[in-house]
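# Working through the structure, step by step
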Amino acid sequence: MTKDAYTLAGTAATALRGAAGLDTFDVALVMGSGWVPAADAIGETVAEIAFTELPGFRAPAVAGHGGKIRVVRTPSGRHALIFLGRTHLYEGLGVDAVVHGVRTAAAAGVRTLVLTNAAGGLRPETQDVGDPVLISDHINLTGANPITGTTFIDLTEVYSRRLRALVREIEPGLAEGVYVAFRGPTYETPAEIRMLRTLGGDMVGMSTVLESIAAREAGLEVLGLSLVTNPGAGLSGEPLNHEEVLEVGRATAARMGVLLAKVVDRL
Ligand code: 8IG
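These lines cover the structure that appears in this document, whether it is placed above or below. (Residues numbered from 1 in each chain as written. Predicted model: local features only at pLDDT ≥ 70, side-chain atom pairs only at ≥ 80, totals over all residues. Heavy atoms only, no water.)

### Overview of the overall build of the chain
Assigned secondary structure in the chain consists of six helices and nine strands. In summary, the chain has a C-alpha radius of gyration of 17 Å against a globular reference of 18 Å for 267 residues, a match within 12%. If you line up the chain on its principal axes, its C-alpha atoms span 50 × 40 × 35 Å. Expressed as a percentage of its 267 residues, the buried residues of the chain come to 53%. (Helix = DSSP H or I, 4+ residues; strand = E, 2+ residues; numbered from the N terminus. Rg over C-alpha atoms; globule rule 2.2 N^0.38 Å. Buried < 20%, exposed > 50% of the residue type's maximum accessible area, 1.4 Å probe, protein only.)

Next comes the structure, spelled out in structure tokens:
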């Protein structure tokens, strides 16, 4: 699967432009669990398109992960595509399905991508549940890559320095960290969490890295934000629970929305 996936994204972008009644979009945001309620703060909804209406998209498998693209006009007149829900590698649909939204956004004219996620925290010494963290870099332990063949993409600065600085102008105290991704859907063992701490990881999750690689291939500037919703396995003495993840998201949604709205309006 190589050229076909890019062609499919082009077809989806044409359908998206038609459904939205717009020729291009300024920014796309992928809302991870916990970030979905924050979408309301970004601007006025111009259109909502179910994933099932567009070529190549699948309805998300996980409760709480949405399933549509919202087209929003920000107070300063920018147009944002907000992906409410994403496909994860653990769903077994393949890597092209995981990055289809990013490729579609790029084909629709987007130049800036904001990737959000919920993640386990690897540094409970300095992180609290409910903290947002800017992604400074990643470690891809999914075993997958969206690119096939001899396209050697530079990943020296996957997560834009410029965009991180802009976010810290808005929220000066915001921490930065390295996001590690596993395929999932299991959470880690305590031994794996200790390994990731040794490797230099700060957050761990099951998304974002493949999307950011596909975005860099397409030449997009990427901003990544994690919401720490639980300490990594074995760090707190409690087992991990998906409902708790969603609950932390609900509790912090308003704050995430305010932050994202300011960021998007200053891009
Ligand atoms: I939310 O602790 C969330 N997603 N792999 N580990 C992994 N993914 C996660 C975690 C976690 N918490």
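Read on, since the account is not over.
### Section: the site of the ligand
Close to the ligand lie Ala118, Ala119, Gly120, Tyr187, Glu188, Val204, Gly205, Met206, Thr229, Asn230, Leu240 and Val245. In this structure, glycine 120 approaches the ligand through a main-chain N or O atom, which is 3.3 Å from a nitrogen atom. At 2.7 Å from a nitrogen atom of the ligand is found a side-chain nitrogen or oxygen belonging to asparagine 230. For the ligand, the accessible surface in isolation is 320 Å², of which the surrounding protein chains cover 95%. When atoms are counted within 2 Å of each cavity's grid points, the one that captures over half of the ligand is the largest pocket. Counting only elements with at least two residues in the shell around the ligand, the list comes to β5 (112-121), β8 (203-205) and β9 (221-231). Its residues assigned to classes, the shell around the ligand comprises seven nonpolar, four polar and one charged. (Near = heavy atom within 4 Å. Polar contact = N/O pair within 3.5 Å; in protein donor to acceptor, adjacent residues only side chain to side chain. Areas by Shrake-Rupley, 256 points an atom, 1.4 Å probe, with all protein chains shown as cover. 1 Å grid on protein atoms, 1.4 Å probe; cavity = no way out; pocket = protein on both sides within 12 Å on 5 of 7 lines; lining within 4 Å. Sits in = over half its atoms within 2 Å of the grid points. Nonpolar A, V, L, I, M, F, W, Y, C, P; charged D, E, K, R; others polar.)

### What about the pairing of β9?
Most of β9 is tucked away, with nine of its eleven residues classed as buried. The pairing of β5 with β9 spans ten bridges and is classified as parallel. Bridging from a neighbouring strand, asparagine 117 pairs with serine 226 of β9. Strand direction decides the pairing type here: strand β6 (residues 132-141) and β9, joined by three bridges, are antiparallel. Looking at the pairing, leucine 134 lines up with leucine 225 of β9. (Pairing = 2+ DSSP bridges.)

### Focus: the nonpolar core
Counting 43 residues, the largest nonpolar core has Phe25, Ile69, Val71, Leu81, Phe83 and Leu113 as its most contacted members. Setting aside chain neighbours within four positions, we find phenylalanine 83 in contact with Ala28, Leu29, Val30, Met31, Phe51, Phe57, Lys68, Ile69, Gly101 and Ala105. Counting 26 residues, the second-largest nonpolar core is a separate cluster that includes Trp35, Val72, Met256 and Val264. (Core = buried A, V, L, I, M, F, W, Y, C linked by side-chain atoms within 4.5 Å. Contact = heavy atoms within 4.5 Å.)

### Focus on the pattern of salt bridges
Going through the model one piece at a time under the given rule, you end up with 15 salt bridges. Two residues, arginine 103 and aspartate 96, come together in a salt bridge whose shortest N-O distance is 2.9 Å. Just as arginine 103 is buried, aspartate 96 falls in that class too. In this structure, the salt-bridge partner of aspartate 202 is arginine 123, at a minimum N-O distance of 3.2 Å. With aspartate 202 in the loop between α4 (190-199) and β8 and arginine 123 in the loop between β5 and β6, this residue pair connects regions lying 79 residues apart in the sequence. The same class applies to aspartate 202 as to arginine 123, namely buried. Among the charged side chains, a salt-bridge network with shared partners connects Asp40, Glu48, Lys68 and Arg70. (Salt bridge = Lys/Arg side-chain N within 4 Å of Asp/Glu carboxyl O.)

### Observations regarding the packing of helix α2 (residues 95-107) against helix α5 (residues 209-217)
If you want to describe how two helices pack, look at the angle between their axes and the distance between the axes. Where α2 meets α5, the axes come as close as 9 Å, and the angle between the chain directions of the two elements is 55 degrees. By the angle class used here, α2 and α5 are oblique. For the pair α2 and α5, the sense of crossing is right-handed. Every residue of α5 that contacts α2 at Val95, Val98, Val99, Val102 and Arg103 is listed here: Leu210, Glu211, Ala214, Ala215 and Glu217. (Axes fitted to C-alpha atoms, helices over the stretch in contact; angles between N-to-C directions. Parallel < 35°, antiparallel > 145°, perpendicular 65-115°, else oblique. Left-handed = near helix turned anticlockwise from the far one by under 90°.)

### Description of empty space enclosed by the protein
Applying the stated rule across the entire model yields two cavities of 30 Å³ or more. The greatest single-element share of the lining of the largest cavity, amounting to five residues, is contributed by α2. Looking at the second largest cavity, its volume works out to about 70 Å³. In terms of lining, the second largest cavity is formed by 15 residues, of which the most central are Val98, Met206, Ser207, Thr208 and Leu210. (Points joined across faces, edges and corners; volume = space filled by probe spheres on them.)

### Description of the layout of surface pockets
Of the voids in this model, the largest pocket is the one considered here, and its volume is about 380 Å³. For the largest pocket, the lining is made up of 25 residues, of which Ser33, Ala118, Tyr187, Met206 and His242 are closest to its centre. If you list the elements that add at least two residues to the lining of the largest pocket, you get β5, β8, β9 and α6 (242-265). By residue number, the principal contributor to the lining of the largest pocket is β5, which donates four residues. Considered class by class, the residues forming the lining of the largest pocket number eleven nonpolar, twelve polar and two charged. Roughly 180 Å³ of internal volume is contained in the second largest pocket. Lining the second largest pocket are 14 residues; nearest its centre among them are Thr126, Asp131, Pro132, Val133 and Ala175. Where the lining of the second largest pocket is concerned, the elements lending two or more residues are β6 and β7 (175-182). Considering every element that reaches the lining of the second largest pocket, the biggest residue donor is β7, with three residues. A breakdown of the residues in the lining of the second largest pocket according to their chemical character gives four nonpolar, four polar and six charged.

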